[in-house]
Amino acid sequence: MRKLRGIFKYVSYSQLSRTVAGYGYEYSIKNHMVAVAISLSAMSLAGLLFYLNWPKILILALASIVVTGIIVVSQFAYMANNARFEALANYMEMMILCFKRKPKILAALEQTLEYVRGHQEMEMAVERAISVIKDDYATDDVYRKAFDIIETAFPCSRLHTLHSFLLSVERESSIDYQESLDNIYFDIRSWITRTYQYQAELKSLKRKISIIIFLSVGIVAFFARLLHKAEVSMSTETTNVITGGALFQVSTLVFMLIFIALYSVLQSKINGQWLINDMASRDDEKIERYLTFVDGFDPKRERRKSLVAALVCSPLLVAGVFMKNVIPLSMGACMILFCLMRPNMMYKSRKKQIERSLIREFPMWLREISVKLNNTVVVRAIEESVEDAATVLKGFLKGFVEKARANPTSITPYNEFLGKYCGAEMSTAFKTLYAVQSLSKDESRKYINDLVERNQTLIEKGERMRNEDSLAGVTFISLMPMLLMSFKLILDMGLLVAAFMSFSEGGCLT
């Protein structure tokens, strides 16, 4: 019911304008009336092309008014999130450049403020951060509090990494920070480039799906005109018996409503929220359950449970055999097979979900570590990262630290880090950390720089997986128009055949 109210709330212009204003834009009544007029005209034209009666056209018109509001809000949300992305990218780049000139957080913020003016939300966040540093004498760590203001407004793992590094330099009065800052800058620039590429891909996908939707509607409308010509050519008695019939009218109405809904979902699904918040897709509680299940999985115990469940279902199979009835026999066989296969299916499915989560989170963690390694030894850097690490990584990191503390010179803890979940790319990247700890400072820097560059491949893979999760359903939407069009054409063809048969027999199609 709440979702239903959320859909219909944009029918009201006042609610629509308030929502748009929340994104920092103004939506005038004139623009709204133009959008509604275009939408109503399109639905009226569609109704006439499909020979729908006026009650059906009215339903389409009402649906179009609802969808118009959703699409308008989605477009402004997309624009706002793109602006947020550009503001964040600009802020991080300028903070790095300003901090390199003068390694003081307050000075860097004050200089960066001049570069982010124009984006109200970022400007206000930076001004509040500066105010906290200058005026807050009650807080012990004013720099962390100031950065938290910006990170709350713009949740992004890269922003947190940058701020954490600047804090460490400020606290330790470090002079050896240039290369680490360059690595962070390289990562941010790579991220910006990938994001713009991905935006272009999504824009292309969105355009292709929209074309498919409109072509599908056009093909069905063309066939509807052929139906009308056919019914006119048969006899005056059968004029409009096909297109005016209840089955054609209702099926066409449903077809159009589904297409309107698909177009609305397509416009609202790709709203750009994924451009900044790369930490929102974490489901820590579910991952913890999956880790507990996979790590505690006992094949023998699960096999016994599955056999008991299969025995419970076996009477249905036996009854089917004795009754010589295929239905209970098939149902019993399927249920027994499912019971026997279920434990392994659950194990593989949950293990795969954990591995997907590792692919998303490991590169982000490795980016944090690569920054810390310029001033901290490997094991200590990993130990300090445990608290802020993603839930899926915490158990592995704690286990590694314990083994590494017990045997500091052994490579075994590095080889066994992710255990059965370990992928080749993640394994190689983590083993590089072992090499770093045994090298001189200059040589280790080369390895760290190489690690940062190679980690971009892992980061890109994780980002694509995260974006795919947030855009789940878009691929399905691309298949729906063709399936619906095929179904509608088959139905209309059936109506045409029935009309010809009725006409040839001299009867009347009911």
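Before reading on, note that the structure itself is shown above.
Everything quoted here is computed from the prediction, not taken from an experiment.

A.B. asks: Account for the overall build of the protein, naming residues and giving values.
C.D. replies: Scanning the protein from terminus to terminus reveals 19 helices and 0 strands. Its C-alpha atoms give the protein a radius of gyration of 31 Å, more than 25% over the compact-globule value 24 Å for 510 residues. For the protein, the C-alpha atoms occupy an extent of roughly 95 × 75 × 40 Å along the three principal directions. Looking at the protein as a whole, 46% of its 510 residues qualify as buried. Within the protein, contacts between residues at least 6 apart in sequence are counted, and of these 73% link residues at least 24 apart. In the structure as shown, the protein presents an accessible area of about 26700 Å², 61% of it carried by carbon and sulfur atoms. Taken as two groups, the 61 positive and 51 negative side-chain charges of the protein have centres that lie 7 Å from each other.

A.B. asks: With reference to specific residues and values, describe the layout of surface pockets.
C.D. replies: The calculated volume of the largest pocket comes to roughly 680 Å³. As for the largest pocket, its lining consists of 28 residues, of which His160, Ser164, Glu368, Lys372 and Asp388 are closest to the centre. Looking at the lining of the largest pocket, the elements with two or more residues in it are α8 (157-172), α13 (326-372) and α14 (378-385). When residues of the lining of the largest pocket are assigned to their parent elements, the largest contribution, 9 residues, is made by α8. Class assignment of the residues belonging to the lining of the largest pocket gives a composition of 9 nonpolar, 8 polar and 11 charged.

A.B. asks: Quick one: what's the story with the packing of aromatic side chains, residue by residue and with numbers?
C.D. replies: The final tally for this structure, using the stated rule, is 20 aromatic pairs. Ring geometry for Phe255 and Phe259: centres 4.4 Å apart, planes at 45°, overall tilted. Highlighted residues: Phe255 and Phe259, both in helix α10 (residues 246-269), separated by 4 residues, approximately one helical turn. For the residue pair Phe255 and Phe259, the accessibility class agrees, reading buried in each case. Aromatic rings pair up to connect Phe362, Trp365, Phe396, Phe400, Tyr414, Phe417 and Phe430 into one cluster. For Arg84, the ring lying beneath its charged end belongs to Phe154, and the centroid distance is 4.6 Å.

A.B. asks: An account of the pattern of salt bridges is needed here, citing residue identities and associated values.
C.D. replies: Tallied over the full model, the rule gives 18 salt bridges. Between Arg144 and Asp148 there is a salt bridge whose closest N-O contact spans 3.1 Å. On the criterion of helical spacing, the pair formed by Arg144 and Asp148 is a turn pair, its members being 4 residues apart in helix α7 (residues 142-153). The exposure class of Arg144 is buried, given its relative accessible area of 18%. Judged by its relative accessible area of 33%, Asp148 is partly exposed.

A.B. asks: So what about the side chain of Ser264? Which residues, and what values?
C.D. replies: Residue position: Ser264 is located in helix α10. Overall, Ser264 belongs to the buried group, its relative accessible area being 7%. What Ser264 contacts, discounting residues up to four positions off in sequence, is Val67, Ile70 and Ile71.

A.B. asks: Give me the lowdown on empty space enclosed by the protein, citing residues and values where you can.
C.D. replies: Taken as a whole and judged by the stated rule, the model has 1 cavity of 30 Å³ or more. Roughly 60 Å³ of volume is contained in the largest cavity. Lining of the largest cavity is provided by Asn183, Ile184, Asp187, Arg367, Ser370, Val371, Val452, Asn455, Gln456 and Ile459. Those elements that provide at least two residues to the lining of the largest cavity are α9 (178-234), α13 and α18 (441-470).

Here is what the cut-offs are and how they apply
Residues numbered from 1 in each chain as written. Predicted model: local features only at pLDDT ≥ 70, side-chain atom pairs only at ≥ 80, totals over all residues. Heavy atoms only, no water. Helix = DSSP H or I, 4+ residues; strand = E, 2+ residues; numbered from the N terminus. Rg over C-alpha atoms; globule rule 2.2 N^0.38 Å. Buried < 20%, exposed > 50% of the residue type's maximum accessible area, 1.4 Å probe, protein only. Contact = heavy atoms within 4.5 Å. Areas by Shrake-Rupley, 256 points an atom, 1.4 Å probe, with all protein chains shown as cover. Lys, Arg positive; Asp, Glu negative; His and termini not counted. Charge placed at Lys NZ, Arg CZ, Asp CG, Glu CD. 1 Å grid on protein atoms, 1.4 Å probe; cavity = no way out; pocket = protein on both sides within 12 Å on 5 of 7 lines; lining within 4 Å. Points joined across faces, edges and corners; volume = space filled by probe spheres on them. Nonpolar A, V, L, I, M, F, W, Y, C, P; charged D, E, K, R; others polar. Phe/Tyr/Trp six-rings, centres within 6.5 Å; stacked < 30°, edge-to-face > 60°. Lys NZ or Arg CZ within 6 Å of the ring centre and 35° of its normal. Salt bridge = Lys/Arg side-chain N within 4 Å of Asp/Glu carboxyl O.

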